[in-house]
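One letter stands for each residue in the lines below.
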Amino acid sequence: MLNIKDFKLVSDQIDYDELAVIIREADAALKAGAEAAFVELGCYTGTTALFITRLLMMHGKSNELHVYDSFDGLPDKVAADSSPAGEQFKAGELRASKQQLIKHFRQAILPLPIIHKGWFEELTAADMPNKISFAFLDGDFYTSIASSLHVITPHLEAGAVILIDDYANEALPGAQRAADEWAKQQGKSIKTEKSLGIVRW
Ligand SMILES: C[S@@+](CC[C@H](N)C(=O)[O-])C[C@H]1O[C@@H](n2cnc3c(N)ncnc32)[C@H](O)[C@@H]1O
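Residues numbered from 1 in each chain as written. Predicted model: local features only at pLDDT ≥ 70, side-chain atom pairs only at ≥ 80, totals over all residues.

1. Topic: the overall build of the protein chain
Stated formally: Under the DSSP-based scheme used, a helix requires at least four consecutive residues in state H or I and a strand at least two consecutive residues in state E, with every element numbered from the N terminus. What the globule rule says is 2.2 Å times the number of residues to the power 0.38, and the radius of gyration is computed from C-alpha atoms.
Each helix and strand counted, the protein chain has five helices and seven strands in total. N-terminal to C-terminal, the α/β element order of the protein chain is α-β-α-β-α-β-β-α-β-α-β-β. A compact globule built from 201 residues would reach a C-alpha radius of gyration of about 17 Å, and the protein chain, at 15 Å, matches this within 12%. With respect to the principal axes defined by its C-alpha atoms, the protein chain has extents near 45 × 35 × 35 Å.

Take a look at the structure:
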């Protein structure tokens, strides 16, 4: 198992407790024989993607890792995102450039993931790997999580794991709302751990 504390976090957008859950789930998927792609929608400067890459390398796996971001920060909020605890989350916040992400991978001497720049709302099947075995969704807002779930669903392999960040975060209520609506439509249940929602496909 990857010892996550051996490596620094390149941003404050994930903490070690959450990362431990994400890496545990990714590790379990690989041990169960997952061969399809891993995706992260909302990759920012690569905080989590660096660890997923380290894990894939540790296992000697060649699963593709696709990462997605506007590289232009958060989009506009909708009513479902409104929360007195989350006033600091505004359109344009959390802007990171693709170059910052690439720099972090170069500094860590890790192979680059497949990087997709654009708004999740505009993604189509052509932007997705054919099959997905692990998905980490970290777009914070209602439309971001709803669009992410919408675009990954047709590509999910049986047994895939989907992790939704901020599922249990009162500052970002839109994430849970979008995930709950999707789970109801799909007949799936969501388990909560730390701030994450976890779904098994
Ligand atoms: C909390 S940060 C992600 C942190 C990242 N997972 C990490 O490990 O560092 C949220 C990211 O989602 C992106 N994002 C949010 N909504 C988006 C959307 N609708 N389309 C594209 N990118 C979006 C933002 O640009 C931002 O980089």
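That covers the picture; the talk isn't over yet.
2. Focus: the site of the ligand
Threshold: The criterion for a residue being near a molecule or strand is a backbone-placed C-beta atom within 6 Å of that molecule or strand. Each residue is assigned to one class: nonpolar for Ala, Val, Leu, Ile, Met, Phe, Trp, Tyr, Cys and Pro, charged for Asp, Glu, Lys and Arg, and polar for all the others, Gly among them.
Near the ligand, the surroundings consist of 24 residues, among which Gly42, Thr47, Thr48, Ser70 and Ser144 are the closest. The residue inventory of the shell around the ligand, partitioned by class, reads 10 nonpolar, 10 polar and four charged.

3. Let's talk about helix α4 (residues 142-152)
To be explicit about the condition: Three exposure classes are used, based on other C-beta atoms lying within 10 Å of a residue's own C-beta, which is placed from the backbone: buried for 20 or more, exposed for 12 or fewer, and partly exposed in between. Note on contacts: residues are paired as contacts if their backbone-placed C-beta atoms lie within 7 Å.
Of all 11 residues that make up α4, nine are buried, and the element is covered over most of its length. Within α4 the residues assigned to the buried category are Tyr142, Ser144, Ile145, Ala146, Ser147, Ser148, Leu149, Val151 and Ile152. Against the buried residues of α4 lie β1 (37-41), β4 (132-137), β5 (156-164) and α5 (173-186).

4. Notes on α5
Residue pairs spaced three or four apart in an α-helix point in one direction, given the helix's 3.6 residues per turn. Stated precisely, the cut-off is as follows: A helix is expected to reach a length of 1.5 Å times the quantity of its residues less one.
If you check α5, its first and last C-alpha atoms are 20 Å apart, about what 14 residues at 1.5 Å a residue would give, namely 20 Å. All of the buried residues in α5 are Gly174, Ala175, Gln176, Ala178, Ala179 and Trp182. Against α4, β5 and β7 (196-200) lie the buried residues of α5. Of the residues flanking the end of α5, it is Gly187, one or two places downstream, whose phi is positive at about 70 degrees.

5. Observations concerning unusual backbone geometry
Phi is positive for Ile109, which is not a glycine, with a value near 50 degrees. Its place among the elements puts Ile109 in the loop between α3 (98-107) and β3 (114-117). The class for Ile109 is exposed, based on 6 C-beta atoms found within 10 Å. With a phi angle near 70 degrees, Asp140 is a residue other than glycine that sits in the positive phi range. As for its placement among the helices and strands, Asp140 is situated in the loop between β4 and α4. Accessibility expressed as a C-beta count within 10 Å gives 24 for Asp140, which makes it buried.

6. Section: the sheet that holds β3
Heads up, the condition is: Here, any two strands with at least 2 DSSP bridges between them count as paired. Lines fitted to C-alpha atoms define the axes, with helix axes restricted to the stretch in contact, and inter-axis angles between N-to-C directions lie between 0 and 180 degrees.
With mixed pairing, seven strands are arranged side by side in an open sheet as β3-β2-β1-β4-β5-β7-β6. Whereas interior strands pair on both sides, the edge strands pair on one side only; in this sheet they are β3 and β6 (191-193). In this sheet, adjacent strand axes meet at a mean angle of 20 degrees when their direction is disregarded. Two elements, β4 and β5, share five bridges in a ladder whose sense is parallel. Its bridge partner being in β5, Phe136 is matched across the sheet by Leu163.

7. Some words on the environment of Asp180
Checked against the element boundaries, Asp180 lands in helix α5. For Asp180, a count of 14 C-beta atoms within 10 Å puts it in the partly exposed group. Distance from Asp180 to Ile109, taken between C-alpha atoms, is 38 Å for residues 71 residues apart in sequence.

8. Some remarks on the environment of Gly73
Locating Gly73 in the fold gives a position in the loop between β2 (65-69) and α3. When the C-alpha atoms of Gly73 and Gly42 are compared, they prove to be 9.3 Å apart, with 31 residues separating the residues in sequence. Sequence-distant contacts of Gly73, that is, excluding residues within four places in its chain, are made with Gly92, Glu93, Leu94 and Arg95.

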